Structure formats: structure tokens, C-alpha cells
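Observations on chain architecture
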Amino acid sequence: MEREDIDPWYRQFWPWFLIELPAFAVVAGLYTLWLAMQSQDSLVVGSDDGVNVVTEQNLAAEQEAVRLGLVAKVDIHLETGAVVVNLSSLPGVDLPTSLQLQMRHPTMVSRDSQIDLLRAMPNSEGEPTWAGHFIKPLTGRYYVTLSSGNVWRLSDEWSGQSQFRLDPAGQPGNGQH
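Here goes a summary of the coordinates provided. Note that the coordinates shown come from a computational prediction; the quantities given were computed from them, not determined experimentally.

Here the focus is the overall build of the protein. Within the protein one finds two helices and eight strands. Counting from the amino terminus, helix and strand elements in the protein follow one another as α-α-β-β-β-β-β-β-β-β. Across the 177 residues that make up the protein, the buried fraction comes to 27%. Partitioning the intrachain contacts of the protein with sequence separation of at least 6 by distance along the chain shows that 51% fall at a separation of at least 24.

Set out below in C-alpha cells:
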């Protein structure tokens, strides 16, 4: 007994449906691979040795900030990008003539900014003041680092507020802004 109403396999729905599923997965995988190859991941460090050295330098700089009793009040005028930093320290500490302020975006290195702050006139309370200016407007969340080269550093997170305080790492109040 032979059936004459059966079409060949390539004219039926189910074989093509079953072939399409893995074919689509292969095409999507190749497209994902192509996307991954288009840019380098800026968050990956080539060697653990470099990470360890940088971590040790950062810890030493943060400990130096604690030893010097440094606390910074940072004012950022969001519309113009003007930055004013007031820095207080223990008596007798010699403060530098310039500071570096780094704003590092958590995920996009292209949005990172660094400016040099130059010493200005003391504020009304007599605290030493440094001033500078961002070129690119800042929006979103950033990791902030205020430093004097590799001598000391203050760091925290910034989420768009115009005024914030930087305390030495590990000190009460750090991160509580």
C-alpha cells in the first residue's frame, strides 16, 4: 500500500522549522562574536602584577592622606564645569600648588575626565583653595579621585551633586554623602 498524497521532505513545514532553530543560533552567535571583536574591553587588565602594584600605591597614598588629616570640599558648577576644591589638613602640613581631579566613569572609559587644579586665593574661612574647569559636561555616576601625584589621594563616588566631601578611605563618613 502506497500513499500518493505525501510531499517530499523539503516541501514540508516541520523539517525546515527544526533546521531554522539551530541555524538562527549559529547566526546569532557569529554576530555576537563580531560585536565582541569590534572594540577592546577597557576594564580588563592584562596582568595581575600591574593590578597589585597599583593597588599597593593607592593604599599607600590613601594612608598618607589619613596621616596628613586631609579632607576636601568639592564644588562643581554643573552648567559651566567650574570646579573649586577647599582642602583642610592637620596644622603644619605643606600643601601642593596643584592637584589632580579624576572623574572615572564606571563603564565607559571615553567619558573619563582629568583636570589639573591650580592654587587660588583662600576661601572666606581661610582654607586653601584650588580651582579648575572641566571641558566635557559630566552626567551620571563617577568615581572621583583627588590627588597630589602619587603622594596622597582622596576618593569616593559622585552622582551629580554640585557639592560633596572627600574623606580619606576608611574614615568615618567616607561614602556617606
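Next comes the rest of the write-up.
Before going further, it helps to examine the packing of aromatic side chains. For any pair of aromatic rings, the description consists of the separation of the ring centres together with the inter-plane angle of the planes. Tallied over the entire structure, the rule returns seven aromatic pairs. Aromatic pair W14 and F17: ring centres 5.5 Å apart, planes at 85 degrees, arrangement edge-to-face. Of this pair, W14 and F17 both sit in helix α1 (residues 13-38), three residues apart, which is roughly one turn of that helix. Residue classification places W14 among the exposed residues on the basis of a relative accessible area of 55%. For F17, a relative accessible area of 32% puts it in the partly exposed group. Here the aromatic residues W9, Y10 and W16 are joined through ring pairs into a cluster of three or more.

Another point: the sheet that holds strand β1 (residues 71-76). Across the sheet, eight strands lie side by side as β7-β6-β3-β4-β5-β2-β1-β8; this open sheet has antiparallel pairing. Each edge of the open sheet carries a strand with a single partner, namely β7 (153-158) and β8 (163-166). Along the sheet, successive strands turn relative to each other by an average axial angle of 25 degrees, direction set aside.

By the secondary structure assignment, S89 is in the loop between β2 (82-88) and β3 (98-104). Under the relative-accessibility criterion, S89 is labelled partly exposed at 27%. A sequence separation of 39 residues divides S89 from P128, and the C-alpha atoms of the two residues are 9.6 Å apart. Excluding residues that lie within four positions of it along the chain, S89 makes contacts with L68, G69, L70 and L95.

Here S148 lies in the loop between β6 (142-147) and β7. Dropping the residues within four chain positions of it, S148 is found in contact with P96, L99 and Q100.

Thresholds applied
- Residues numbered from 1 in each chain as written.
- Predicted model: local features only at pLDDT ≥ 70, side-chain atom pairs only at ≥ 80, totals over all residues.
- Heavy atoms only, no water.
- Helix = DSSP H or I, 4+ residues; strand = E, 2+ residues; numbered from the N terminus.
- Buried < 20%, exposed > 50% of the residue type's maximum accessible area, 1.4 Å probe, protein only.
- Contact = heavy atoms within 4.5 Å.
- Phe/Tyr/Trp six-rings, centres within 6.5 Å; stacked < 30°, edge-to-face > 60°.
- Pairing = 2+ DSSP bridges.
- Axes fitted to C-alpha atoms, helices over the stretch in contact; angles between N-to-C directions.

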